[in-house]
Amino acid sequence: MAKSYFKHAYFILSFIISRSIWMVSKLKPWKTNHSTSLPYELFSLDIAAKLHVDSNAIKMSSSDFGNMVKRIPSAVVLPTHITDIIDLVKFSYNSSSPFTIAARGHGHSVRGQAMASNGVVVDMTSLNKSSNGNGIRVSRSSSLGFYADVGGEQLWIDVLKATLEHGLAPVSWTDYLYLTVGGTLSNGGVSGQTFLHGPQISNVHELDVVTGKGEILTCSKHLNPELFYAVLGGLGQFGIITRARIVLDKAPKRVKWIRMLYQDFSSFTGDQEHLISNNKLDYVEGSLILHQSSSNNWKSSFFSNNDQSNIASLLSKHGILYCLEVVKYYDDSNINTIEQELQLLLNQLNFNPGFVFKKDVSFIDFLNRVRAGELYLQSQGQWDVPHPWLNLFVPKSRILDFHAGVFINIIQAQNKSTGPILVYPTNRKKWDNRMSAVTPDEDVFYCVGLLHSAGADNWEALDAQNREILEFCDKSGIMIKQYLPHYSSKDDWMNHFGEKWNNFRDQKLKYDPKMILAPGQRIFR
Ligand code: FAD
């Protein structure tokens, strides 16, 4: 009896001890009580010391700028060297139970695209902090001219500052510069320069990419071209960009920045289309002004108080106005002729007489124009709110139908929108169709951005409005493409990629056959 009691007690004790050893071995590097589904062998690698599961790390990587989606990862890795990323991906790829891995740039997606539920999030910006990433290096070659080799983790604002020190700058931008190079190259990178230079993905010579097998490959138009084109606009599906070789050009010193108001949409779009066809400006955008979407907003505070009250009276007469925004760069070489050149261009346009507003600012202040609005909203606690954004590419042939059906009958009629509404055309010939990014099948298409800021209690109503807009386009046969796309079914993704789908899927099977990377895009589930 006593013998059997001791035997039983011994068994229980040894079970408890072995279980504790196993648990400690799982938790050792973290000093935390977070539970994980990751294979415990991961914690015997060198990278274990860079894995974090403390509540701050988990919280930061389970939300994004959109503030609408939460997905909890098992761990966050703060790499200090690119080999950490290679080791992590290789380990998952070779594991009998591979786990998902999401590169997180600056987390400015709005639908959880940089998250990894139960997987590992790689905080790319940590490479920058440790200075063991690729940094920003400016060079010149006889075949490429000036270029910058830039780590995928770098923010565009830092690329701008570093290249300006050499009197140079990238040619294609986003409106907002606190986004990473890897993050925007995974999507496209569009702004008012796109009509002239193409999106940011059209201005890359070469990439280093850690594939879903944990191999690091250099790719370009000539070297591993399939991977190069797949990664550009590839939503992070084929590899983690660790270096991009970016096209540079001589940077101007200053810009003439002009806004003009229209009450008639077809005059507004007619002028925009004219301006993007003659390449005499450096930037062309446009936006709607509505009672609920004011002339000054976080995207840039442009109008004086006096201007704003004049605009408000025009707006109360028409209910909706259209604001054309253009920029011409200049420096010492054309300082004496710039005004005349601009006047010639403005003379051809049909804006409301008297409603033209001009500014003269430095190149960097223009490119970094959104930052002041961001800092103001942050100080008011209004930056980290839900952002039910919808970004679309709309074919030129249907922009008037889109205006009537969406801008007037949905957005103006429902009076719910709260934030900038962008609308500007761009030229498809500046996009390379071999890249993964998709556009409408027309020479000119419009970039439309509904950049709503909402509260915790009304973002769903704006989201419902977004769905109504998509349904309207579908029913009316307006062949839009979503930019920064978000879909919930495989059919929708296949439809999104259209004739590019088979190649997109084949490249995924080649470079990330275990479906490890960028699970937050929810394409291959
Ligand atoms: P994240 O949100 O961190 O990641 C986006 C996706 O890319 C994820 O799937 C992620 O896994 C993947 N990823 C991140 N880094 C890498 C990498 N190194 N290699 C491979 N995959 C990676 N876009 C425009 O085109 N034009 C604009 O003018 C513009 N303005 C914006 C203004 C604001 C205020 C905000 C919030 C967004 C804006 N965007 C604009 C959208 C923005 O370009 C995308 O959301 C972009 O993905 C954000 O970059 P990020 O570094 O935050 O990427």
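Structure: above.
Just so it is clear, the model here is predicted, and its values are computed rather than measured. (Residues numbered from 1 in each chain as written. Predicted model: local features only at pLDDT ≥ 70, side-chain atom pairs only at ≥ 80, totals over all residues. Heavy atoms only, no water.)

Scanning the protein for helices and strands turns up 17 helices and 18 strands. In terms of overall dimensions, the protein is globule-like: its C-alpha atoms have a radius of gyration of 25 Å, near the 24 Å expected for 525 residues. Here the C-alpha coordinates of the protein stretch approximately 105 × 55 × 45 Å along the principal axes. Taking all 525 residues of the protein together, the buried fraction comes to 56%. Long-range pairs, those at least 24 residues apart, make up 75% of the contacts in the protein with a sequence separation of at least 6. Total accessible area on the protein is roughly 22,700 Å²; 51% of this is exposed by carbon and sulfur atoms. Averaging the positions of the 52 positive and the 48 negative side-chain charges in the protein gives two centres separated by 6 Å. (Helix = DSSP H or I, 4+ residues; strand = E, 2+ residues; numbered from the N terminus. Rg over C-alpha atoms; globule rule 2.2 N^0.38 Å. Buried < 20%, exposed > 50% of the residue type's maximum accessible area, 1.4 Å probe, protein only. Contact = heavy atoms within 4.5 Å. Areas by Shrake-Rupley, 256 points an atom, 1.4 Å probe, with all protein chains shown as cover. Lys, Arg positive; Asp, Glu negative; His and termini not counted. Charge placed at Lys NZ, Arg CZ, Asp CG, Glu CD.)

Around the ligand, a shell composed of 32 residues is seen, among which Ala103, Gly105, Ser109, Thr180 and Tyr483 lie nearest. Within the backbone of Ala103, a nitrogen or oxygen atom sits 2.6 Å from an oxygen atom of the ligand. Here an oxygen atom of the ligand sits 2.9 Å away from a polar atom, N or O, in the main chain of His106. Within the complex, the protein chains bury 97% of what would otherwise be the 950 Å² of accessible surface of the ligand. When residues of the shell around the ligand are traced back to their parent elements, those giving at least two are strand 3 (101-104), helix 6 (181-185) and strand 10 (239-250). Grouping the amino acids of the shell around the ligand by side-chain chemistry returns 13 nonpolar, 17 polar and 2 charged. Taken together, domain 1 (136-250) and domain 2 (254-483) each give at least three residues to the shell around the ligand, which thus spans both. (Near = heavy atom within 4 Å. Polar contact = N/O pair within 3.5 Å; in protein donor to acceptor, adjacent residues only side chain to side chain. Nonpolar A, V, L, I, M, F, W, Y, C, P; charged D, E, K, R; others polar. Domains from an automatic or database assignment.)

For the pair helix 9 (residues 265-278) and helix 14 (residues 399-414), interaxial distance at closest approach is 11 Å and the crossing angle is 135 degrees. In terms of orientation, helix 9 lies oblique with respect to helix 14. The two elements helix 9 and helix 14 meet at a crossing, and its hand is right-handed. Contact residues: Phe265, Ser266 and Thr269 in helix 9; Ile399, Leu400, His403 and Phe407 in helix 14. Residue classes in the contact of helix 9 with helix 14 are distributed as 4 nonpolar, 3 polar and no charged. (Axes fitted to C-alpha atoms, helices over the stretch in contact; angles between N-to-C directions. Parallel < 35°, antiparallel > 145°, perpendicular 65-115°, else oblique. Left-handed = near helix turned anticlockwise from the far one by under 90°.)

With that out of the way, let us pick up the sheet that holds strand 1 (residues 51-52). Ordered by their spatial adjacency, 4 strands build an open sheet running 1-2-4-3, and the pairing between neighbours is mixed. Of all strands in the sheet, those bounded by a partner on one side alone are strand 1 and strand 3. For strand 1 and strand 2 (residues 75-77), the ladder comprises 2 bridges, and the chain directions are antiparallel. Its bridge partner being in strand 2, Leu51 is matched across the sheet by Val77. (Pairing = 2+ DSSP bridges.)

Once that is clear, we can look at the side chain of Thr269. Along the chain, Thr269 turns up in helix 9. Not counting residues within four places of it along the chain, the set of residues in contact with Thr269 comprises Leu400 and Tyr446.

With that settled, the discussion passes to the packing of aromatic side chains. Counted under the stated rule, the structure contains 33 aromatic pairs. Residues Phe65 and Trp389 carry aromatic rings whose centres are separated by 5.2 Å and whose planes lie at 70 degrees to one another, so their mutual orientation is edge-to-face. Taken together, the residues span a long stretch of sequence, with Phe65 in the loop between helix 2 (55-61) and strand 2 and Trp389 in the loop between helix 13 (370-379) and strand 15 (390-395) at a distance of 324 residues. On the accessibility criterion, Phe65 (9% relative accessible area) is buried. For Trp389, a relative accessible area of 17% puts it in the buried group. Aromatic pair Phe303 and Phe357: ring centres 5.0 Å apart, planes at 85 degrees, arrangement edge-to-face. (Phe/Tyr/Trp six-rings, centres within 6.5 Å; stacked < 30°, edge-to-face > 60°.)

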